[in-house]
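Overview (structure and organization)
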Amino acid sequence: MRMASFLTAAVLAALAPFLDGERPVAPRAAFAGWPTTFEGAPLTPKPLSPRESRFLDGFPGHVARFSSSGREVILRWTDEPTRRLHPSRECLSAVGYTIVPRPAQASDGKVDWQVFDARRGEETLRVRESVVDANGIHWPDVSDWYWNATLGKSRGPWLAITVASRP
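It should be emphasised that the depicted structure is a prediction, and the values quoted were computed from it without experimental measurement.

Taken as a whole and judged by the stated rule, the model has eleven salt bridges. Among the ionic pairs, K46 bridges to E72, the shortest N-O distance being 3.1 Å. Of this pair, K46 sits in strand β3 (residues 44-46) while E72 is found in strand β5 (residues 71-78), placing the two residues 26 residues apart along the sequence. Taking the relative accessible area as the measure of exposure, E72 reaches 24% and is therefore partly exposed. Note that R89 is salt-bridged to D141, the shortest N-O span being 4.0 Å. Note that R89 is positioned in helix α3 (residues 88-94) and D141 in the loop between β10 (138-139) and α4 (142-150), a separation of 52 residues in sequence. With relative accessibility at 19%, the residue D141 sits in the buried group. Each of K46, E52, R65 and E72 takes part in one network of salt bridges that share partners.

Dropping the structure here:
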């Protein structure tokens, strides 16, 4: 009985933010295109693989892959909160990589990037990821970004940035 009461309370607490009436719908943002540089280095477009293109079918936004100073940079742009924007660690894990958490990367006293190593066989990638909103606020955790965006605490459009390099 205690468990049922707890679960009922948890579900009601989770739904409470959505029960406060209708929220105004923000106008759709126009996609302005991709940047030409990242962290001071030029971005060179690379094609998405057929597998990536199939996976991204129905993504509410734009996705592109680039090379930049020996790194691979994946940019995902959306103007709406979406669960289709997955953490890259989940995607890498799904294709056979073992994920090893690393210390977060911070600047100006705040955490800007989630960092992890992705290992498969002899290959190791150092990956960092962050979602940035229209005000320049970073979310190193995709789930944190999603809930802030869904509850109207962040203004879009949003850019998810994933950077992979050899450690």
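Moving on, we come to the packing of aromatic side chains. To describe a pair of aromatic rings, you give the distance between the ring centres and the angle between the ring planes. Evaluation of the coordinates by the stated rule reveals six aromatic pairs. Plain terms: the ring middles of W34 and F66 are 6.2 Å apart, the flat faces sit at 75° to each other, and that makes the pair edge-to-face. Of the two residues, W34 sits in the loop between α1 (2-15) and β1 (37-38) while F66 sits in strand β4 (residues 61-68), which places them 32 residues apart along the sequence. Using a relative accessible area of 25% as the deciding quantity, one classes W34 as partly exposed. Taken together through their ring pairs, the aromatic side chains of F31, W34, F66 and W77 make up a single cluster. Across the ring face of W113, the terminal group of R128 is positioned such that the distance to the ring centre comes to 4.5 Å.

A few words on the side chain of R128. As for its position among the elements, R128 is in strand β9 (residues 123-132). Within the local environment of R128, its side chain forms a polar contact with the side chain of E39, the two groups lying 2.6 Å apart. Once you skip the residues sitting within four places of it in the chain, R128 turns out to touch F38, E39, R71, Q105, W113, Q114, V115, I161, T162 and V163.

With respect to the helices and strands, the residue F31 is situated in the loop between α1 and β1. With 48 residues separating them in the primary sequence, F31 and D79 have C-alpha atoms 8.6 Å apart. Look past the residues within four positions of F31 in its chain and what remains in contact with it is H62 and W77.

Below, the discussion takes up α4. An α-helical turn contains 3.6 residues, so any two residues separated by three or four positions project in the same direction. Every buried residue of α4 is listed here: V142, W145, Y146, A149 and T150. Buried residues of α4, seen end-on, are gathered within an arc of 120° and therefore sit on one face of the element. Buried residues in α4 make contact with β5, β9, β10 and β11 (158-165). Capping the start of α4 is the job of one residue whose side-chain oxygen sits 3.2 Å from the backbone nitrogen of S143: D141.

Rules used throughout
The residue count restarts for each chain, going from 1 along the sequence in the order it is written. For this predicted model, a pLDDT threshold of at least 70 governs which residues receive local features, and a threshold of 80 or more governs which side-chain atom pairs are given and counted, while totals over whole chains, interfaces and linings are taken from all residues. The basis for the side-chain values is all heavy atoms of the structure; hydrogens and waters are excluded. One side-chain nitrogen of Lys or Arg within 4 Å of one carboxyl oxygen of Asp or Glu is enough to make a salt bridge. For the purposes of this entry, the term helix denotes a DSSP run of H or I that reaches at least four residues, the term strand denotes a run of E that reaches at least two, and both are numbered from the N terminus. In this scheme, a residue with accessible area under 20% of its type's maximum is buried, one over 50% is exposed, and one in between is partly exposed, where area comes from a 1.4 Å probe on protein chains only. In summary, the pairing rule links any two rings of Phe, Tyr or Trp, Trp by its six-membered ring, whose centres are within 6.5 Å, and it sorts them by plane angle into stacked for under 30 degrees, edge-to-face for over 60 and tilted for everything else. Here, a charge over a ring means that NZ of Lys or CZ of Arg falls within 6 Å of the ring centre while also lying within 35 degrees of the ring normal. A 3.5 Å cut-off defines polar contacts: any pair of N or O atoms within that distance qualifies, except that in protein one atom must be a possible hydrogen donor and the other a possible acceptor, and neighbouring residues in sequence count only when both atoms are side-chain atoms. Should any heavy atoms of two residues lie within 4.5 Å, those residues are counted as being in contact. Comment: arc refers to directions from the helix axis out to C-beta atoms.

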